[in-house]
Structure formats: C-alpha cells, structure tokens
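Commentary on secondary and tertiary structure
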Amino acid sequence: MSNNQNGVFITFEETPADVRKNLISLGWPIQEWEEQRKWAFVDVSPQPGDETIIAGDYDLGALLARIENAIRKVNAQRVTMDTVSAIFSQFSDKRIIRRELHRIASGLKQLGMTALMTAERLEEYGDIARYGVEEFVADNVIILRNVLEEEKRRRTIEILKFRGTSHKKGEFPFTISPSEGIVIIPLSAIELKQKSSDLRISSGNPDMDEMCGGGFFRDSIILVSGATGTGKTLMTTEFTAGGVNAGERCLLFSYEESRDQLFRNATGWGIDYETMEREGKLRVICTYPEVASLEDHLIDIKAQIEAFQPNRVAIDSLSALERISTFKSYREFVLGITSFIKDRETAGLFTSTTPALLGGTSITEAHISTITDSIIILRYVEIFGEMRRGLTVLKMRGSGHDKGIREFVIDGHGMHIGKQFRNIAGILSGNIIHVAGLDDDRIGGLFKDE
Amino acid sequence: MADQYVLKLYITGKTPRTETAVTTLRKICEEELQNQYQLVVIDILEHPQLAEDEKILATPTLIKVLPQPLRRIIGDLSNREKVLLGLDLRPTPAEGK
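Residues numbered from 1 in each chain as written. Chains lettered and ligands numbered in written order. Predicted model: local features only at pLDDT ≥ 70, side-chain atom pairs only at ≥ 80, totals over all residues. Heavy atoms only, no water.

**Focus on the packing of aromatic side chains**
Residue and element names in this part refer to chain A. As a reminder of what qualifies: The pairing test for Phe, Tyr and Trp rings, Trp by its six-membered ring, is centres within 6.5 Å, and the orientation test on the planes gives stacked under 30 degrees, edge-to-face over 60, and tilted for anything in between. We count a stretch as a helix when DSSP gives it H or I for four or more residues in a row; a strand needs E for two or more, and each element gets its number in order from the N terminus. The classification of residues rests on relative accessible area computed with a 1.4 Å probe and restricted to protein chains. Under 20% of the type maximum is buried, over 50% is exposed, and intermediate values are partly exposed.
By the definition in use, this model includes three aromatic pairs over all chains. With 5.6 Å between their ring centres and 70° between their planes, Phe9 and Phe41 make a pair best called edge-to-face. One end of the pair, Phe9, is in strand S1 (residues 7-11); the other, Phe41, is in strand S2 (residues 39-43), with 32 residues separating them in the sequence. Comparing Phe9 with Phe41 shows no difference in burial state: the two are buried. Ring geometry for Phe263 and Tyr273: centres 5.5 Å apart, planes at 75°, overall edge-to-face. Placement of Phe263 in helix H8 (residues 259-268) and of Tyr273 in helix H9 (residues 273-278) is noted, with a sequence separation of 10 residues between them.

**Concerning the confidence of the model for chain A**
We count it as follows: What pLDDT reports is the predictor's confidence in each residue, on a scale of 0 through 100.
Mean pLDDT over chain A works out to 78, with 83% of the residues at or above the 70 mark. Mean pLDDT values over the elements of chain A span from 52, in helix H13 (residues 440-444) of chain A, up to 91, in strand S13 (residues 250-254) of chain A.

**A closer look at the side chain of Thr11 of chain A**
The condition that has to hold: The criterion used for residue contact is that any of the two residues' heavy atoms lie within 4.5 Å.
Mapping Thr11 of chain A onto the fold places it in strand S1. Residues in contact with Thr11 of chain A, not counting those within four places in the same chain, are Pro16, Val19, Phe41, Val42, Asp43, Val44, Ser45 and Asp82 of chain A.

**Brief notes about the pattern of salt bridges**
Threshold: By definition, a salt bridge exists where a carboxyl oxygen of Asp or Glu is found within 4 Å of a side-chain nitrogen of Lys or Arg.
Under the defined criterion, the tally for this structure stands at seven salt bridges over all chains. Of the charged contacts in the structure, one is a salt bridge between Glu386 of chain A and Arg388 of chain A, with a shortest N-O distance of 3.8 Å. Measuring nitrogen to oxygen at the nearest pair gives 3.7 Å for the salt bridge that ties Glu31 of chain B to Lys27 of chain B. Here Lys27 of chain B and Glu31 of chain B lie together in helix H1 (residues 16-33), a separation of four residues that amounts to about one turn. You can call Glu31 of chain B partly exposed: its relative accessible area is 40%. Each of Glu386, Arg388 and Glu407 of chain A takes part in salt bridges that share partners, so that together they form one network.

**Structural notes on the interface of chain B and chain A**
For clarity, the cut-off: Any pair of N or O atoms that falls within 3.5 Å is considered a polar contact. Within protein, one atom must be able to donate a hydrogen and the other to accept it, and sequence-neighbouring residues count only if both atoms are side-chain atoms. Whether two strands pair comes down to DSSP finding at least two bridges between them.
Each partner contributes residues to the interface: chain B has 28 residues there, and chain A has 27 residues. There are zero salt bridges connecting chain B and chain A. Along the contact surface separating chain B from chain A lie two residue pairs in polar contact (both at pLDDT 80 or more). At the level of secondary structure, the elements contributing two or more residues to the side of chain B that touches chain A comprise helix H2 (48-54), strand S4 (71-74) and helix H3 (80-86) of chain B. Relative to S4 of chain B, strand S3 (residues 51-54) of chain A runs parallel, the two being bridged by four bridges. In the strand pairing of S4 of chain B, Thr52 of chain A is matched with Arg72 of chain B.

Laid out in structure tokens, this is it:
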C-alpha cells in the first residue's frame, strides 16, 4: 500500500483501531500514513448498542458517498474491502445488498481504483463466497484456503479468475511470516535453469571420494538414504567437516538430534565442530520438525541460506520433516528446497531415513530421486546372525562410479569403506540370499581379496 | 415541556426514495409532534464527512438523537408503523400530552 499509491481501507468487520493494531505488528505504520494523508479508513464495522429499525426501501448510497469522499481525501489508487460478507449480517435484505455491492464495485471501477475485496467462505471447497455474489462483481478472484488435511493445517492460495491474462492454475502453499507477510511458494514457477559444473568437491571421506570417481560435483544434490543407525549422520558430519577443511562455509540443519548430541557425535569421530563454528565456517541449526509448519520450515531454511551464504548445505534428515506434513505438502517442500539449493549452485546433502531396517525406500526417495544428482544408499546387511553395514553409490550423474555394494565400518575416526560384498544378493531389497551355496569354505571366502 | 425531539435525516441527493422519506417524515412530525421537534435533513453527497462521523451506511437513514435512546431508522419510511415504533410514538398509551 505504501508503494506511492495511497489507499482506502474499508473495514466491515473490525474497527479501525483493531486493524491499526494488527497491521502495526506486521510493521506497517498505519497511523503515520493516516497523518500523512496516504491512508484512510472507512469504518463500516457494526456499531454495538445501535438500535436499527428498517422501515421501507433503502440503498447504500451513503456508503458509496463515504468511500468516494475517502478516496478524494487521500487521493487513493487502491481500495480494500474487508470483509464484504460481513455487511450481510447488518442488513437482512440480501437482494438489496447484492444490488448495492454491484453499484459500489462499478462505482469504484469508474473512479479507476484497484480494489481488493475479501469475502468469507463457509467451506474450504464449497461455494466461492458466502452469499454467492461477491465473486461476480470482481475481475480477479483469488481463493485463500486454510485446509485441515490429516490433522495438519495448510494454507493455500489459488488464482481462480484473472481477467485478461494468463496465470498459474491450481493451489499453491503459502505461509504468513511476521517479517515478510504472505510468502507464497510457487512450485510450477520453479525452472530447471541452474548451470552445472564439473568441479569436484570432497565428500569428506577419501574412500567415498574414490567411489564417486573423485568426489561429489560442486553444485550437486546428494541423497543419502538408509535405515536408522546406518551412518547417515556420520556422512553429513564428514561432508560438512570436509567442506570446512577445504575452506568452504557449511550450513547444517538437524531435525533429529540436538546440538549437544551432534557435537558429541562429531567429537567421537575426531571432528571438532565447536572450533569450526567459532571460526564462522560452520553453522549448525537444530530444530524439532514439530515447532513449525513445513512451509515455515522452508522459509526458514531459505532465510538461513541467504544469511549464511554457505557453499555446502546438509539436512539431517529430510525425512524427519515428513512427520509434520501431508504427502502433498511434503512433496512440494522437497521440490522447493532442492531447486532453491540447486539454483544457488551450492552442494546439498540430504539424508533420508528408510522405515524398514532391511531394504525398502522412503517417500523422500520417491520424490527427489529424479532431481538429485547422486544417491548413496546405506544398508544393514545380515550375514549369519550378524548385522553389518554396506553402502553403494546408486547413481552419480555425469561421472563413472563404483557400482559395488561395499562393506563399511565406523570407528573413532569416522567411516571406513572396505571391500565389496561377495556371494550375497538381494542386499538392497532386504531379502538377502547367499548365492553360491552355504558350503563352509565358501563362507570363509565371502570377503576374499580380489 | 414534553419531550423535545431532535431528528436527523441523512439522504443522498434527490431520488424518489429520498422524496418519499422527506415527505413521510414531515407528515409524521406534523401529526405526532406538532412543534416539539427539530428536524435536520443532511445530504450526504454534499457533506460526506458527516456521514463518516455518524457511520451512516444506508440511505435514507433517520437518526433519533433525542430523546434517548439514540435510534436509527433505515429506509424510505414508507412503513409508518415501524417509524412510529422507532420514534417511541407507539404503542405506549401514555405517549403525547
């Protein structure tokens, strides 16, 4: 409203004092604007204690005259009517109100105003507006929804009608942040336009670098998938530490472990997170997924990335955020975050927890496997009553890589990748079969050197 | 002295509805209130700020300022019974002199 276009705010529901108070919390100095004659209120809110008797036919000529007066007073270009539907509660005759709303709308059009009218809806997916008239007087219709979907609230915005131009169709999620107001997450507006480079960066683990044919690409998204305890957090720790050691800035979002836990883990693998953070090379952000909605998390992640300007971003784990969302919004979130990171030509490493201990995939993989550049799978391998760990590089875009499923161990210095599993099939699916029979001598040769 | 009536009638320009309201009101006042009233007719098109101050929405609107309580009567006043009710002129038997 302050873009050098003065405005008139017609309030049908709240009193101007309430509106002023609410808007100040969003950082708009309404009172100041009123004094500078940039903003005017037309108060149509119900007056308590007023007794009104209807005796005969009437129109809303007074309201129109008041609006015109306010427009002249501040030389306005924009008019907001919030909420038009509320006027129906003040007057019982809907026929008259409909006629008068049409008159006001056409009056505003004649004055060359850009008018925003809000109307309430009874159901999220029912009639567009309560009295079935509000939408017909408008040129453009935008629907805001606050849908309850699987016990989660989710705000969406949809452009239903926009005369004289094309627009994106369907619902888009949005959130309201205290600093920025409404933040919309336009998904189909995301384009695959990021550049690609063949610069390699270290994964933080020499064995892993070797498996990937010399390290990850600088602007790639890497997905690490595995069951709980397979070493995903370790991979993110090594990835961030590797970045810091190479002089890069790293940002780590943790949604599963607390700061202290993460730092203790890192120390356990010989990595000094505390010093790294003190030197400003690393920032660790730990939050519970439940503290905010997914849309808010996305805004927060973007803001943190903008603020810290990292070369590497790690999210541990992406699938933890799955808990707080619905299938649809999670997919939108994953797409939004990956494209945002890719767009900045930053390396991103996400982890995803698979629900089953052996084999299996998670929703995260289904969503982002096609937009990630590399996928690393960590698995438990059950061999004769013993749980061992195995990993494989499933996909590595634009590079040759080791195709074997290799065993790895974790000790006080981190991850050590060993030899390929032999004579075993079905590790990825979780149905492990010993291919070459169960002769004792064959078992002995299970990890025979090549 | 009996109740002194202070009435304000808000109208928008000269429309049939306005005319009806003004004539009806004058007639009611003459018949029921004789000289104990004060009537102001305000054209909102000329004085929009007055409408803003009184938060008038619909026209014609008749406001009974005095005697208390303040009351708004909306419409062209063609429903005479309701107008009288609104002005506290009916159906209280002790009304008038």
